[in-house]
There are 2 protein chains.
Amino acid sequence: MKVLAILYNGYEAATAEPRLLGTVENELGLRSYLESQGHEYIVTSSKEGPDSDFQKHIVDTDILITTPFHPGYLTREVMNKAKNLKVCVTAGVGSDHIDLNAAVERKIQVLEVTGSNVVSVAEQVMMSILLLVRNFVPAHEMIENGGWQVSEIARNAFDLEGKVVGTLGAGRIGYRVLQRLVPFNCKELLYFDYNALPAEAEAAVAARRVQDLKEFVSQCDVITINAPLHEGTLGLINKELLQHFKKGAWLVDTARGAICVAEDVAEALASGQLRGYAGDVWNVQPAPKDHPWRHMKNPLGGGNGMTPHYSGTTLDAQIRYAEGTKAILQNYFEGKPQEPANIIVGVGKYESKAYGQR
Amino acid sequence: MKVLAILYNGYEAATAEPRLLGTVENELGLRSYLESQGHEYIVTSSKEGPDSDFQKHIVDTDILITTPFHPGYLTREVMNKAKNLKVCVTAGVGSDHIDLNAAVERKIQVLEVTGSNVVSVAEQVMMSILLLVRNFVPAHEMIENGGWQVSEIARNAFDLEGKVVGTLGAGRIGYRVLQRLVPFNCKELLYFDYNALPAEAEAAVAARRVQDLKEFVSQCDVITINAPLHEGTLGLINKELLQHFKKGAWLVDTARGAICVAEDVAEALASGQLRGYAGDVWNVQPAPKDHPWRHMKNPLGGGNGMTPHYSGTTLDAQIRYAEGTKAILQNYFEGKPQEPANIIVGVGKYESKAYGQR
């Protein structure tokens, strides 16, 4: 079989650090395994435009491996050229770069390494909440710039204790965020989700479900988005909904950038409707140099906690998703069943409840 | 009575934000109270050198109010000029800027607002640990600088899960840090302290006490310092002890800067012996423009999470320490007993066990 992996270039970093498994150079550690089984293995970062390696090789690829960090966009059009494609593996979590409806129709399976990033992202959320609420970035920049004016930092620095924090989505990541918030003595923990948490899980984190989205956002000092991108969440955080946020709320999105309307978020931050915005997901990745989220600020010159998309690709996470990808391939080659939680699209049908087909 | 407060200038920030109570402009909110009681109230930021307001007014001041953020250094020499001084109130926590032995001899009381900052600092510690381990600062700088090279960030980004974290000091702040670490599934939580935690408290956070300091530091991936500065902790983290750290450990100091030897820490970071160092306390405050901690980096160009000293002076904390200072003054004027936890030096004797007189 022909296996094609679209990964990102690690350059010197990947040579120096072999644990950077998700790079073109280190090939998810799969080459010797795949070649020993007689398979062909193509690894490339070239994914944009008709002359890219992605477009060239997809026509006779059997198995496609992609990641959320440097996504190869498998549109319906591209899929139509992929005559041999049987399985798409996302080395990580989040398969919104694949047209899932088209995959169902074409009977192409879509699989993820579901557990690989949940802890990494939940930690990133906690870090992002704390650094926004406590006004870290302007404080650190002041040190780098040779300054020392505590009042300029303190005037927009708060404690997380006593605040209302809500997660939009209380699945594998959202729930882990709630667990980590418990000892911070927030005023209240809220969640918005299509499904209620099991009573015991809800009680364990003392979280309250709010079923109306506007009512949910209007009660939160801090909102963290932990939901997949699909038809129901695309552009969900827009100008209209932002008006229902508490004035001066903090927003963290480590899920998918396109859940937020980029310009509307930048405007809300500039006006002070949002006090801060942090996250590492962008509506286009890599983000262009002039993306508004790179330099947007609140009226006091802070409130931007953006990073490139790396939260789920720490060195610890790379071990997990490389091993998980190998396990999925082994199951497939040996005709064994996949872990149910890893199946987004089975042969001809949706399996995951996370995506927007309900 | 004459009451002298040494606070920091807030400038426009203090005018725009009345919750910045700890500034010269907002005077801890004490003026009308003190004047209504017939007291004189002098507030200034001028604290350095023989011509400073501090030196001028200290000679006939009865009550001195200072903060850890912009400390008025009450040395034995200065104290000898302060003929009327009876009470020093630290609006915040940490009275190491006062010569406590001299205060005992002179029968000058030293009081703090003990509970005012413990949550704020514990949160700052959690933020600092996460942003070092997850390599936040270089990631954010990459976004600001127009770049996008995930491998450069990921090569030095880790999860907190599975790491060994130790607190040097398990008092009011250190214990709160341990509580907040519990849901992060660290490999192990350790503490070093003169005193063992009560068995129940120790079990609640599943922390293990290590009694030998070198053994303690050699086991930790992350070390957080939560101890007061005194003779026993001054310069404790020095070149010699740093050699016993795990290679590539992360160190967070939000307690007092002088617990670490500045040059030794900068060298350890530059060599990679430390992977990161963060905190907001400095051996001199304000830190000079050429302080090595402003620009020190690890061999990959990151690992610096320094901020100016503000962790205990969020807007939430300022309300607590302003109210706490007023309560201490009221007790004194009305001859009522002080909260025992707030008394560092009583009349002629140490009261706190936190300082180094044992």
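Residues numbered from 1 in each chain as written. Chains lettered and ligands numbered in written order. Predicted model: local features only at pLDDT ≥ 70, side-chain atom pairs only at ≥ 80, totals over all residues. Heavy atoms only, no water.

With that settled, the discussion passes to the side chain of A:T90. Residue and element names in this part refer to chain A. The residue T90 is located in strand β4 (residues 87-90) in this model. Engagement of the side chain of T90 in a polar contact is seen with the side chain of S95, the distance being 2.9 Å. Contacts of T90, omitting those with residues within four sequence positions, involve T66, P68, S95, H97, I98, L111, E112 and V113. (Helix = DSSP H or I, 4+ residues; strand = E, 2+ residues; numbered from the N terminus. Polar contact = N/O pair within 3.5 Å; in protein donor to acceptor, adjacent residues only side chain to side chain. Contact = heavy atoms within 4.5 Å.)

Residues and elements named next belong to chain A. Spatially, 7 strands are ordered β2-β1-β3-β4-β5-β13-β14 in an open sheet, and the strand pairing comes out mixed. Lying at the two open borders of the sheet, with one neighbouring strand each, are β2 (40-44) and β14 (349-350). Across 5 bridges, strand β1 (residues 2-6) lies against β2 in parallel orientation. Counted as the bridge partner of V3 is Y41 from β2. (Pairing = 2+ DSSP bridges.)

Pairs can form between side chains of opposite charge once their charged atoms are near each other. In total, this model carries 40 salt bridges over all chains according to the counting rule given. Where A:K47 meets A:E48, a salt bridge forms, and the shortest distance between an N and an O atom there is 2.5 Å. A relative accessible area of 7% places A:K47 in the buried class. Linking B:R208 and B:E188 is a salt bridge whose minimum nitrogen-to-oxygen distance equals 2.7 Å. (Salt bridge = Lys/Arg side-chain N within 4 Å of Asp/Glu carboxyl O. Buried < 20%, exposed > 50% of the residue type's maximum accessible area, 1.4 Å probe, protein only.)

Take the packing of helix α7 (residues 136-144) of chain A against helix α7 (residues 136-144) of chain B next. Viewed as axis vectors pointing N to C, α7(A) and α7(B) meet at an angle of 85°, and their least axial separation amounts to 12 Å. Of the possible angle classes, the one that applies to α7(A) and α7(B) is roughly perpendicular. On the side of α7(A), the interface is formed by A:F136, A:V137, A:H140, A:E141 and A:E144, while α7(B) contributes B:F136, B:V137, B:H140, B:E141 and B:E144. Taken together, the residues that form the contact of α7(A) with α7(B) break down as 4 nonpolar, 2 polar and 4 charged. (Axes fitted to C-alpha atoms, helices over the stretch in contact; angles between N-to-C directions. Parallel < 35°, antiparallel > 145°, perpendicular 65-115°, else oblique. Nonpolar A, V, L, I, M, F, W, Y, C, P; charged D, E, K, R; others polar.)

Here the focus is the relation of the copies chain B and chain A. Two copies of the chain are present, and they differ by a rotation about an axis and a shift along that axis. The two copies are related by a screw operation: chain B maps onto chain A through 180° of rotation and 0.0 Å of translation along the axis, at an RMSD of 0.0 Å. What the superposition gives is, in effect, a two-fold axis relating one chain to the other. When C-alpha distances to the rotation axis are compared across chain B, the minimum falls at B:M127, with a value of 2.8 Å. (Least-squares fit on C-alpha atoms with pLDDT ≥ 70 in both.)

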